[in-house]
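# Observations on the three-dimensional arrangement
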Amino acid sequence: MQPPNAVFFVGLVVQFVLRHHFIERTKSEKKKVRQIDRTEKILLAIMLPTALLLPPLYCFTPLLSFADYDLAASIRWTGAVIMVASLWLFWRSHVDLGQNWSVSLEVREDHQLVSHGVYRWIRHPMYASIWLWGLAQGMMFANWFAGWSVIPAFAAMYFIRTPREERLMCDEFGDRYREYARRTGRIFPRLTKAAKLARLPTNEPESKGKLSP
Ligand code: SAH
């Protein structure tokens, strides 16, 4: 196997181990809202094969070789660096969300609005990490299918799920979430002066009754 492909699988295992750890850590949380409807399931069913099935098919079988192309080693290793950045953001956003994290759209009984750590800058760092992962996968695999299919699959998930998730957060936290949304970007930090000023006070893990500073 070519070295960048081997590095990809190491990254995939790291991502799997991190996910498993955070699933274990949060599985006892009691949920008061769960939005695991048909749309969510379809989006996951589209996403999972691009991330888990196509990479081994590409690396261990000749089935996808019709879609191979030449790719410079420098691009493939740049992809590996982007993958490391993606894993860092994936880990950091799980740590910052803490017990409030869930695989699907859920609100737990004592849900806290997180606006510290990486959430101080962007509202969807975990999704940003998946965009980065899709880019890294495209740059590391010299194959149109195995490399680039994550991007359209995740785009469908991101553009359908994010507004639903933000509505859920608005229903739960009202003006506190709307104010938080005004000073942060979805996956890119807001760089305007007003946003910078609004960000000045740091807010550590908040309790629900307390207003955002
Ligand atoms: N979209 C976020 C979180 C993904 S995990 C990201 O990309 O980082 C999905 C769950 O996180 C949702 O069910 C929601 O309950 C929770 N969540 C999202 N943003 C949150 C926030 N700022 N504070 C607390 N919980 C949040």
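Structure's up top.
Right, let's walk through the structure included here.

The rules behind the values
- Residues numbered from 1 in each chain as written.
- Predicted model: local features only at pLDDT ≥ 70, side-chain atom pairs only at ≥ 80, totals over all residues.
- Helix = DSSP H or I, 4+ residues; strand = E, 2+ residues; numbered from the N terminus.
- Rg over C-alpha atoms; globule rule 2.2 N^0.38 Å.
- Near = placed C-beta within 6 Å.
- Core = buried A, V, L, I, M, F, W, Y, C linked by C-beta atoms within 7 Å.
- Buried ≥ 20, exposed ≤ 12 C-beta atoms within 10 Å, placed from the backbone.
- Axes fitted to C-alpha atoms, helices over the stretch in contact; angles between N-to-C directions.
- Parallel < 35°, antiparallel > 145°, perpendicular 65-115°, else oblique.
- Contact = placed C-beta atoms within 7 Å.
- Nonpolar A, V, L, I, M, F, W, Y, C, P; charged D, E, K, R; others polar.
- Expected span 1.5 Å × (residues − 1).
- Bend = angle between axes of the 7 residues up to and from the residue.

Take the overall build of the chain next. Within the chain one finds 8 helices and 2 strands. Reading the secondary structure of the chain in the N-to-C direction produces α-β-α-α-β-α-α-α-α-α. For the chain, the C-alpha radius of gyration of 19 Å lies close to 17 Å, the compact-globule estimate for 213 residues. Considering only C-alpha atoms, the chain reaches an extent of 60 × 40 × 25 Å along its principal axes.

Moving on: the site of the ligand. Every one of the 17 residues lining the ligand counts as a neighbour, but Asn-100, Val-114, His-124, Met-126 and Tyr-127 are closest to it. Only helix H3 (73–97), strand S2 (105–108), helix H4 (125–140) and helix H6 (150–173) provide two or more residues apiece to the shell around the ligand.

Here the focus is the nonpolar core. Membership of the largest hydrophobic core comes to 31 residues, with the highest contact counts inside it found for Leu-132, Trp-133, Ala-136 and Met-140. Taken together, the elements giving at least two residues each to this core come down to helix H2 (38–60), H3, H4, H6 and helix H7 (175–183). When residues of this core are assigned to their parent elements, the largest contribution, 9 residues, is made by H4.

As a further point, take the packing of H6 against H7. It is the contact of H6 with H7, at a shortest axis distance of 6 Å, that shows an interaxial angle of 130°. Comparing the axis directions of H6 and H7 gives the class oblique. Taken together, the residues of H7 that come into contact with H6 (itself represented by Glu-166, Met-169, Cys-170 and Phe-173) are Arg-176, Tyr-177, Arg-178 and Ala-181. Among the residues forming the contact of H6 with H7, the class breakdown is 5 nonpolar, no polar and 3 charged.

Moving on, we get to H6. Between the first and last C-alpha of H6 there are 32 Å, a value that for 24 residues agrees with the 34 Å anticipated at 1.5 Å per step. The principal kink in H6, of about 30°, is found at Arg-161, preceding the proline Pro-163 by one to four residues. Along H6, the positions that sit buried rather than exposed are Val-150, Ala-153, Phe-154, Tyr-158, Arg-161, Met-169 and Phe-173. Packed against the buried residues of H6 are H2, H4 and H7. Phi turns positive one or two residues past the end of H6, at Gly-174, with a value near 55°.

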